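Working through the structure, step by step
Chain residues, written in single-letter form:
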Amino acid sequence: MKHSLIALSLLAAGITGVQAQTVLKIGYATTQASHYGVGSTAFCDEIEKGTQGRYKCQQFPSSALGGEREMIEAVQLGTLDLVNTSTGPVGNFVPEVKIVDIPFLFRDYDHARKVMDGPIGQDILTKFPAKGLVALSWTENGFRHMTNSKHAIVKPEDASGLKMRTMENKVHMDGYRAFGIQPTPMAFPEVFGALQQGTVDGQENPIPVILASKFSQVQKHLSLTGHVYSPALLITSPRLMNKLSDADKKVFYAAAKSATVAQRKKVNEDENNGIAQLEKDGMTVVRKVDGQAFRNALRDVYVSYSKEFGADNIRKIQDVK
Ligand code: EAX
């Protein structure tokens, strides 16, 4: 009797010796072994360690909680704590993000990462709280390449007329129309089935996504167009961040930086090893496309991009060395 009274009084005083634990739900589109899984696991490991186990994650890989747009909405509503997402649908929530989705805006990974980590990319992150979101860091999806089931794509004329699945992203769709592509916007969970049934002829994604999603099973041709750099973001909500102590906030932001580093490292690895793997899996790969022809095809749409985003803002990104 005596012991239970002591236990009860300790409990009442909150002195349980066992810290309360909060389990955070984090979702992303591809497998746990993919670049999103590697980045998310780095984040989760670090917040558990940094908060002495007071915070830990429950991961929902492989679009278990729906497409990226749905997961971002769930974070806004409070039914999901974090999402590690490409910028694909993000521009529909935070318009300032759209500029980084412009085709052929970034020269290479070094250029893209410098922009995202520098003042331009960091300033975009400050626009999220006004939309009920908090972007903890830029992670990374990668440079996007075209796959299809019909024929090799070397120049825009080869892509012309193809029904290609795109993200729900107007900036991408306007650019792809300039190549003569018929863009079909679709949430990621539906893509494999649509390719398998031939509802669309092709799609475009970075090597890490093509690998993790086993698109080689439903796509014959891969062309290394690298037509868009696809940034990604680790997003949570002001609701979650406002619950954290200042010390825990620091832990979360530091863990988000670790996610960025880990995810980019995995993208590098997939870029180095993935193409040979996809060839082994049966894809025919066009390594050298006519990049200039693709860029030339965008001349008119760049006029509308300049009107929408400001020619000087586009130039500022292009001029980052
Ligand atoms: O973020 O929808 C897409 O094509 C994205 O690249 C994918 O969800 C990974």
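Residues numbered from 1 in each chain as written. Predicted model: local features only at pLDDT ≥ 70, side-chain atom pairs only at ≥ 80, totals over all residues. Heavy atoms only, no water.

1. Focus: the confidence of the model for the protein chain
- Across the protein chain, the average pLDDT comes to 96, with 94% of residues at 70 or higher.
- When mean pLDDT is taken per element in the protein chain, strand β3 (residues 82-86) scores highest with 99 and helix α1 (residues 2-12) scores lowest with 58. (pLDDT = per-residue confidence, 0-100. Helix = DSSP H or I, 4+ residues; strand = E, 2+ residues; numbered from the N terminus.)

2. Considerations on empty space enclosed by the protein
- Scanning the entire structure with this criterion turns up one cavity of 30 Å³ or more.
- A volume near 140 Å³ is recorded for the largest cavity.
- For the largest cavity, the lining is made up of 16 residues, of which E68, S86, R165, M167 and F188 are closest to its centre. (1 Å grid on protein atoms, 1.4 Å probe; cavity = no way out; pocket = protein on both sides within 12 Å on 5 of 7 lines; lining within 4 Å. Points joined across faces, edges and corners; volume = space filled by probe spheres on them.)

3. Focus on the pairing of strand β7 (residues 202-206)
- Among the five residues that make up β7, five are buried, leaving the element largely enclosed by the rest of the structure.
- Of the two faces of β7, the one lined by G202, E204 and P206 and the one lined by Q203 and N205 are each fully buried.
- Sheet topology places strand β4 (residues 134-148) next to β7; five bridges connect them, and they run antiparallel. In the sheet register, M146 faces β7, and the bridge partner there is E204.
- Here strand β5 (residues 163-166) runs beside β7; their pairing, made up of two bridges, is parallel. Opposite R165, over in β7, you have Q203 as the bridge partner. (Buried < 20%, exposed > 50% of the residue type's maximum accessible area, 1.4 Å probe, protein only. Pairing = 2+ DSSP bridges.)

4. Observations concerning the site of the ligand
- The environment of the ligand is made up of A29, Y36, E68, S86, N141, R144, R165, M167, F188, N205 and V209.
- Within the side chain of N205, one N or O atom sits 2.7 Å away from an oxygen atom of the ligand.
- Considered on its own, the ligand offers 260 Å² of accessible surface; in the complex 99% of this is hidden by protein.
- At a threshold of 2 Å from the grid points, most atoms of the ligand map onto the largest cavity.
- For the shell around the ligand, the per-class residue count stands at five nonpolar, three polar and three charged. (Near = heavy atom within 4 Å. Polar contact = N/O pair within 3.5 Å; in protein donor to acceptor, adjacent residues only side chain to side chain. Areas by Shrake-Rupley, 256 points an atom, 1.4 Å probe, with all protein chains shown as cover. Sits in = over half its atoms within 2 Å of the grid points. Nonpolar A, V, L, I, M, F, W, Y, C, P; charged D, E, K, R; others polar.)

5. Focus on the pairing of β3
- Of all the five residues making up β3, five are buried; the element is thus mostly covered by neighbouring parts of the structure.
- Inspection of the sheet shows strand β1 (residues 22-27) paired to β3 by two bridges, in the parallel sense. The partner of I26 across the bridge, within β3, is L82.
- When β3 meets strand β8 (residues 221-236), the two strands line up antiparallel, connected through four bridges. Among the inter-strand pairings, V83 is bridged to a residue of β8, identified as I235.

6. Overview of the packing of helix α13 (residues 299-309) against helix α14 (residues 311-318)
- Contact pair α13 / α14: the axes reach a minimum separation of 6 Å and the direction vectors enclose 105°. Between α13 and α14, the interaxial angle falls into the category roughly perpendicular. Residue-level inspection shows Y302, Y305, S306 and F309 of α13 in contact with α14, the latter providing A311, N313, I314 and Q318.
- Within the contact of α13 with α14, the residues separate by chemical class into five nonpolar, three polar and no charged. (Axes fitted to C-alpha atoms, helices over the stretch in contact; angles between N-to-C directions. Parallel < 35°, antiparallel > 145°, perpendicular 65-115°, else oblique. Contact = heavy atoms within 4.5 Å.)

7. Some remarks on unusual backbone geometry
- For Q52, which is not glycine, the phi dihedral falls at a positive 50°.
- Assignment of secondary structure puts Q52 in the loop between α2 (35-50) and β2 (55-60).
- Residue classification places Q52 among the exposed positions, given a relative accessible area of 56%.
- For S62, which is not a glycine, the phi torsion comes out positive at approximately 50°.
- Here S62 shows up in the loop between β2 and α3 (68-77).
- Here S62 falls in the partly exposed class, since its relative accessible area comes to 44%.

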